Amino acid sequence: MCTSTVMRSIVLLGTLVVLAACSSQELQTSQESELQWRTQHDALPPASDRFRLDDPLPAGTLVSVRAPRLDLDVESDVTERRIERRRLYIDSNGLPLIEMPESPTETAELVQGAMEDLEWRVRRVRMAESRVEIDGSEWLQRSSGQLFPRRPVIYVYFYALGSGTQVHLERRDSDQPFPVGTQRELLEKLYAELS
């Protein structure tokens, strides 16, 4: 019983010595022959020298088995965008927007007050979805593809951006036209009422 324990210890010790020796040695590349297609099949392209790599890594090149560790110093000059004043402008997609320095909740309250003054009909307030729905019948045509076409509805969205809020418009039926000129006209009226 004692002999088998000694034998196991010797085998284990020998294995550890071999593993330690292998892990400390650097590997060297070798290639017995050129790279070739090893399979013939109709789906494979015909053999060609176009991508031929006779000796992709010269024989005897030292290769490390450890992946290199890169320490990246990322310098970022990205700063949080701050909305410091109200403004009406056109974004990079050509859509008109209003920027306000207040939070989305405060902006929604201010915008709803302005809508009341403009006598725009608010149909529904859904602050969980960051929007107010208004009746768009005065500015948009009803869709013609329905037996009983429903009234057009305009979504007024409030998106948090940095320290403030962006306000923009969308039509409920996105497949129906909502001209940019009409959006600009509505936002200009809203902006004038907010100012």
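Caption draft 1: How the structure looks around the environment of Leu118. Topologically, Leu118 is positioned in helix H2 (residues 104-118). It is 8.2 Å that separates the C-alpha atoms of Leu118 and Lys189, two residues lying 71 residues apart in sequence. The contacts of Leu118, once residues within four sequence positions are left out, are Lys189, Leu190 and Glu193.

Caption draft 2: Region of the structure containing the sheet that holds strand E8 (residues 164-171). If you walk across this open sheet you meet the 6 strands as E3-E4-E8-E7-E6-E5, and the pairing is antiparallel. Pairing within the sheet leaves two strands with one partner each, and these edge strands are strand E3 (87-90) and strand E5 (122-126). If you compare each strand with its neighbour and ignore which way they point, the axes differ by 25° on average. By the bridge criterion, 8 bridges tie strand E7 (residues 153-161) to E8 in an arrangement that is antiparallel. Residue pairing for E8: Leu161 is matched across the bridge by Gly164. Where H2 meets the sheet, it contacts strand E4 (96-100), E5, strand E6 (131-135), E7 and E8, and its direction lies at approximately 145° from that of E7. Those strands touched by helix H3 (residues 180-194) are E3, E4, E7 and E8, and its axis lies near 25° from that of E4.

Caption draft 3: Focus on the nonpolar core. Counting 21 residues, the largest nonpolar core has Val111, Met115, Ile134, Ile154, Val156 and Leu190 as the members making the most contacts within it. If you list the elements that add at least two residues to this core, you get E4, H2, E6, E7, E8 and H3. Once residues within four sequence positions are removed from consideration, Leu190 is found in contact with Ile98, Val111, Ala114, Met115, Leu118 and Trp120.

Caption draft 4: How the structure looks around H3. End to end, H3 covers 21 Å across 15 residues, agreeing with the expected 21 Å (1.5 Å per residue, within 8%). Restricting attention to buried positions, one finds in H3 the residues Thr182, Gln183, Leu186, Leu187, Leu190 and Leu194. Mapping the buried residues of H3 onto a view down its axis gives an arc of 125°, with all of them on the same face. Check the buried side of H3 and you find it contacts E3, E4, H2, E7 and E8.

Caption draft 5: Region of the structure containing the pattern of salt bridges. Enumeration over the complete set of coordinates arrives at 11 salt bridges. The partner of Glu129 in a salt bridge is Arg126, and the shortest N-O contact between them spans 3.7 Å. On the basis of relative accessibility, which here comes to 30%, the residue Arg126 falls in the partly exposed class. The salt bridge partner of Arg126 is Glu133, with a shortest N-O separation of 3.5 Å. Take Glu133: its relative accessible area is 3%, and that puts it in the buried class. Bridged by salt links that share partners, the residues Arg124, Arg126, Glu129, Arg131 and Glu133 form one connected network.

Caption draft 6: Spotlight on a nonpolar patch on the surface. Among the surface-exposed residues, Val6, Met7 and Ile10 lie close enough to one another that they form a single nonpolar patch of about 280 Å² accessible area. For Ile10, a relative accessible area of 52% corresponds to the exposed category.

Caption draft 7: Focus on the side chain of Thr165. Topologically, Thr165 is positioned in strand E8. Classification of Thr165 by relative accessible area gives buried; the value is 0%. Polar contacts involving the side chain of Thr165 include one to the main-chain carbonyl oxygen of Ser103, which spans 3.5 Å. Leave out the neighbours within four places in its chain, and Thr165 touches Ile83, Ile98, Glu99, Met100, Glu102, Ser103, Pro104, Thr107, Phe158, Tyr159 and Ala160.

Caption draft 8: Broad picture of the packing of H2 against H3. Running from N to C, H2 and H3 cross one another at 105°; their axes reach a closest spacing of 9 Å. Classified by the angle between their axes, H2 and H3 sit roughly perpendicular to one another. Contact residues: Leu110, Val111, Ala114, Met115, Asp117 and Leu118 in H2; Lys189, Leu190, Glu193 and Leu194 in H3. Tallied by class, residues from the contact of H2 with H3 come to 7 nonpolar, no polar and 3 charged.

Cut-offs applied
Residues numbered from 1 in each chain as written. Predicted model: local features only at pLDDT ≥ 70, side-chain atom pairs only at ≥ 80, totals over all residues. Heavy atoms only, no water. Helix = DSSP H or I, 4+ residues; strand = E, 2+ residues; numbered from the N terminus. Contact = heavy atoms within 4.5 Å. Pairing = 2+ DSSP bridges. Axes fitted to C-alpha atoms, helices over the stretch in contact; angles between N-to-C directions. Core = buried A, V, L, I, M, F, W, Y, C linked by side-chain atoms within 4.5 Å. Buried < 20%, exposed > 50% of the residue type's maximum accessible area, 1.4 Å probe, protein only. Expected span 1.5 Å × (residues − 1). Arc of directions from axis to C-beta. Salt bridge = Lys/Arg side-chain N within 4 Å of Asp/Glu carboxyl O. Patch = residues over 30% accessible without salt bridge, like charges linked within 9 Å, V, L, I, M, F, W, Y side chains within 5 Å. Areas by Shrake-Rupley, 256 points an atom, 1.4 Å probe, with all protein chains shown as cover. Polar contact = N/O pair within 3.5 Å; in protein donor to acceptor, adjacent residues only side chain to side chain. Parallel < 35°, antiparallel > 145°, perpendicular 65-115°, else oblique. Nonpolar A, V, L, I, M, F, W, Y, C, P; charged D, E, K, R; others polar.

No statement about biological role is implied by the geometric values presented.
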